[in-house]
Structures are given as C-alpha cells and as structure tokens.
Amino acid sequence: MLVKDSDLDSLVPGLPLSRRTFAGASLAAGFAAAVRPAVGQSVIQTSAEGLKAGDIAVRGGDGTPVRAYWVQPLGKGPFPTVLVVPEIFGLHEYIRDTCRRLARQGYQAIAPNLFQRQGDPSSVTSMAEILSGIVARVPDRQVLEDLDACMTWAAANGGDPGRLGITGFCWGGRIAWLYAAHNPQLKAAVAWYGRLAGEPNENTPRHPIDLVASMYAPVLGLYGGKDQGIPVADVETLREGLARAGKQAELVVYPEAGHAFHADYRPSYRPDDAADGWRRMLGWFRENGV
C-alpha cells in the first residue's frame, strides 16, 4: 500500500489518525477476519481501557508517513519504550494486543506498518504471494530507518529515549536482531523465533549470524526446538559466535515448540512456552534498563 501525495494533508505525523483516514488502511480487521474461521479467536484479548492508544502516522526515513499503532499507560511519563515488529502478516490484531499487554506492564509500545510501501498482507490469501510479492520486496535499510523514526517519535511523545527496547515475532524476530546491531541507543532486544541465517541479496544483505560482532544491545532469543524453518543448529552456531565475541545474549530453545509458539490465534500456540517467554522478555528488559 503506497501513501499518495494527496493523502499527506490528512496524515499529520505524530498525531492520531482520524477515523476516516485510517478506516480503509487498517490491517487488523481484514487479517482477523481471514484467520478466525480457521483458528478461532485469539486466546488473550487485552482491553485498551485505562490506556492511551491509537493509530498514528510517523514520518519514515524517506519522508513517507508510516502508519503505526501506539499505546501507553495514562499519565505524562516518560515511559520506557518498546518497538514491536510484526510477523509477515503485518499490523493485525494480535500485534496490537501484544502492544496493549506491554502497556499494562508500564511500557509505551509502538508497532509500525513496515510493509505499507510494498503491499497489504491482509488482502492476500496466498502465503507464497505474501512472501514473494510483499515481504521479499521490503529492504532491511528501509525497515531500520522506519524504526529509527518511531524511536524519535516516541521520545517526543511520552517515551524515555534512555530506556528503549525492541521485540519482534517471526519476520520481526530477525529484525530485532538486526536492530540490535544498528542502533547504539538500544538497551535490549527480544527476538521471538526470528530467522538467523540465509542467502544475502540486495534487500537483505546480512543476517543475524553475520552481525554477531556488531551487536550494541543484549539480545534474548526465544526459539522452538521443532521449528522446521529455523534449525536448532543455527541457534547453536549463533550462540557460539556471540560467546566468542563476548556479547551479552541468552538463547532459549523450547524443545517441544515449533514456529510461532507465542501466536495465540494460530494452532502453533503453546500457552506454557509463550507464558515463559513473555516472563523472560519482561525480565530481560528490566535487567537491561528498559
């Protein structure tokens, strides 16, 4: 989804979007409708009551107004900030709910729509088309610049720039690793089953295993022992590399979990492993100043 020049007047960076402006662009409704017949409602549903929450536009590194979901506790703050990076399915309700869960723990959480220039995953029914037609076309550099823009917006809108964290799921888990090697201001990262290795290309020139020596922030990685897309061997290779480089990191492998074990709207959800990972994530942030 591209933002047209004619839309710019209605997109005021840093302010909540109007109901009219956002109605046609929200990824949440379309994707939720698509998955519910197959897998049912999300197990966890977190109310926004008692929180500040809304849809915002943050001007990205190339000047594009990037749509995002923002939520934080009531009050002036400043609040520690967590950037939340979605899966390949984009900014849908599960990601929004995750942001609200973080806000209930005292965080300002921001989840940007990092795919909007390349397409709308909620409008695509084929997984192959989502991967090749949208996700593969998103440059890492663009993503990292958009996350930097969210960090800047957060600092000006109730967030504490000295207490910045990031977490991501699946595709977003890989991005969490990359951001830990990109932003020296980051205090901590938590990667949920993010891919660690792969063939380099123009859009994804480097992967977490290539960036071990460049990590600025400590990273907690949460992985499934039965994840068919991320071999445990990759996790162990990364673990060894981080140790050799003297980087602070913790890699946890849940032996019986597959991919997406935190995604409570999917059959892959494993409540006990998800709850343990969530507890570890909160502890990791607090131990590292987020």
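What counts, and where the lines are drawn
- Per-chain numbering applies: the sequence of each chain, read as written, is numbered from 1 onward.
- Confidence filtering applies because this is a predicted model: local features only for residues at pLDDT of at least 70, side-chain atom pairs given and counted only at 80 or more, and all residues used for totals across whole chains, interfaces and linings.
- Excluding hydrogens and water, the side-chain figures rest on all heavy atoms present in the structure.
- Throughout, nonpolar core names a set of buried Ala, Val, Leu, Ile, Met, Phe, Trp, Tyr and Cys residues whose side chains join them through atoms within 4.5 Å.
- Only protein chains enter the accessibility calculation, which uses a 1.4 Å probe. A residue is then buried if its area is under 20% of the maximum for its type, exposed if over 50%, and partly exposed in between.
- Starting at the N terminus, helices and strands are each numbered in turn, a helix being any DSSP run of H or I of at least four residues and a strand any DSSP run of E of at least two.
- Note on definitions: a residue-residue contact is assigned when non-hydrogen atoms from the two residues lie within 4.5 Å.
- Each helix should span, by expectation, one fewer than its residue count multiplied by 1.5 Å.
- Paired rings are identified among Phe, Tyr and Trp, the last through its six-membered ring, by centres lying within 6.5 Å, and are further divided according to the angle between planes into stacked (under 30 degrees), edge-to-face (over 60) and tilted (the rest).
- Pairs of strands are assigned from DSSP output, requiring at least two bridges between the strands.
- To obtain an axis, a line is fitted to C-alpha atoms, over the contacting stretch when the element is a helix, and the angle between two such axes runs from 0 to 180 degrees between their N-to-C directions.
- Throughout, the arc means that of the directions going from the helix axis to the C-beta atoms.
- Salt-bridge detection follows one rule: a side-chain nitrogen of Lys or Arg within 4 Å of a carboxyl oxygen of Asp or Glu.
- For classification purposes, angles smaller than 35 degrees are called roughly parallel, those larger than 145 roughly antiparallel, those between 65 and 115 roughly perpendicular, and all remaining angles oblique.
- For this classification, Asp, Glu, Lys and Arg are treated as charged, while Ala, Val, Leu, Ile, Met, Phe, Trp, Tyr, Cys and Pro are nonpolar and the rest, including Gly, are polar.
- Note on handedness: a clockwise path from strand one over the helix to strand two, with the strands aimed away from the viewer, defines a right-handed crossover.

### Re the nonpolar core
Generally speaking, nonpolar side chains in soluble globular proteins are found buried as a group.
No. 1: The biggest cluster of nonpolar side chains holds 84 residues, and the ones touching the most others in it are Trp171, Trp177 and Tyr193.
No. 2: When residues of this core are assigned to their parent elements, the largest contribution, 8 residues, is made by helix α5 (residues 140–156).
No. 3: Setting aside its immediate chain neighbours within four residues, tryptophan 171 contacts Val85, Pro86, Glu87, Ile88, Leu114, Phe115, Val135, Val138 and Val143.

### Some details on α5
No. 1: For α5, built from 17 residues, the straight-helix expectation of 24 Å at 1.5 Å per residue is met to within 8% by its first-to-last C-alpha distance of 25 Å.
No. 2: Listed in full, the buried residues belonging to α5 are Asp140, Gln142, Val143, Leu144, Asp146, Leu147, Ala149, Cys150, Met151, Trp153 and Ala154.
No. 3: Packing partners of the buried residues in α5 comprise β1 (51–59), β2 (65–73), β3 (79–85), β4 (108–112), β5 (159–169) and α6 (171–180).
No. 4: Within two residues after α5, glycine 158 carries a phi angle of roughly 95°, on the positive side.

### Focus on the packing of aromatic side chains
No. 1: According to the stated counting rule, one finds 10 aromatic pairs in the structure shown.
No. 2: The interplanar angle of 55° and the centroid separation of 4.7 Å between the aromatic rings of phenylalanine 115 and tryptophan 171 together place this pair among those described as tilted. Note that phenylalanine 115 is positioned in the loop between β4 and α4 (127–134) and tryptophan 171 in helix α6, a separation of 56 residues in sequence. An identical accessibility class is assigned to phenylalanine 115 and tryptophan 171; each is buried.
No. 3: Each member of the aromatic cluster is reached from another via a ring pair, and the members are Tyr94, Phe169, Trp192, Tyr193, Tyr254, Phe261 and Tyr265.

### A look at the sheet that holds β4
No. 1: Strand order in the open sheet made by the 8 strands is β1-β2-β4-β3-β5-β6-β7-β8, with mixed pairing throughout. Bordering the open sheet on either side are β1 and β8 (249–254), each of which pairs with just one other strand. Each strand axis lies, on average, 20° off the axis of its neighbour in the sheet, ignoring direction.
No. 2: Of the pairings in the sheet, the one linking β3 to β4 comprises 3 bridges and is parallel in character. Directly across from threonine 81, in β4, lies its bridge partner glutamine 108.
No. 3: Lying over the sheet, helix α7 (residues 232–245) contacts β7 (219–224) and β8, oriented at roughly 160° with respect to β8.

### Digging into α7
No. 1: Compared with an ideal rise of 1.5 Å per residue, which puts 14 residues at 20 Å, α7 spans 20 Å between its outermost C-alpha atoms and is within 8% of the ideal.
No. 2: Taken residue by residue, α7 has Val235, Leu238, Gly241 and Leu242 as its buried positions. The buried residues of α7 all sit within an arc of 130° when viewed along its axis, so they share a single face. Projecting away from the buried face of α7 at angles above 90 degrees are the exposed residues Ala243 and Arg244.

### Thoughts on the pattern of salt bridges
No. 1: On inspection of all chains with the given rule, the structure shows 17 salt bridges.
No. 2: Close ionic contact of arginine 280 with aspartate 276 constitutes a salt bridge, the shortest N to O distance being 2.7 Å. You can see arginine 280 and its partner aspartate 276 sitting in helix α8 (residues 271–287), 4 residues apart, about one turn around the helix.
No. 3: Salt bridges sharing common partners tie together Glu93, Asp97, Arg100, Arg101 and Asp264.

### Overview of the packing of α5 against α6
No. 1: Packing of α5 against α6 leaves a shortest axis separation of 11 Å and a crossing angle of 75°. Between α5 and α6, the angle falls in the class roughly perpendicular. On α6, the residues that touch Asp140, Val143, Leu144, Leu147, Asp148 and Met151 of α5 are Trp171, Arg174, Ile175, Leu178 and Tyr179.
No. 2: By residue class, the composition of the contact of α5 with α6 is 8 nonpolar, no polar and 3 charged.

### Concerning the pairing of β3
No. 1: Of all 7 residues in β3, 7 are buried, a share of seventy percent or more.
No. 2: Both β3 and β5 contribute to a ladder of 7 bridges, which runs parallel. Paired with valine 84 across the strands is threonine 167, a residue of β5.
No. 3: As for the winding sense of the linkage, the β-α-β connection from β3 through helix α3 (residues 93–104) to β4 is right-handed.

Just geometry here; none of it tells us what the structure is for.
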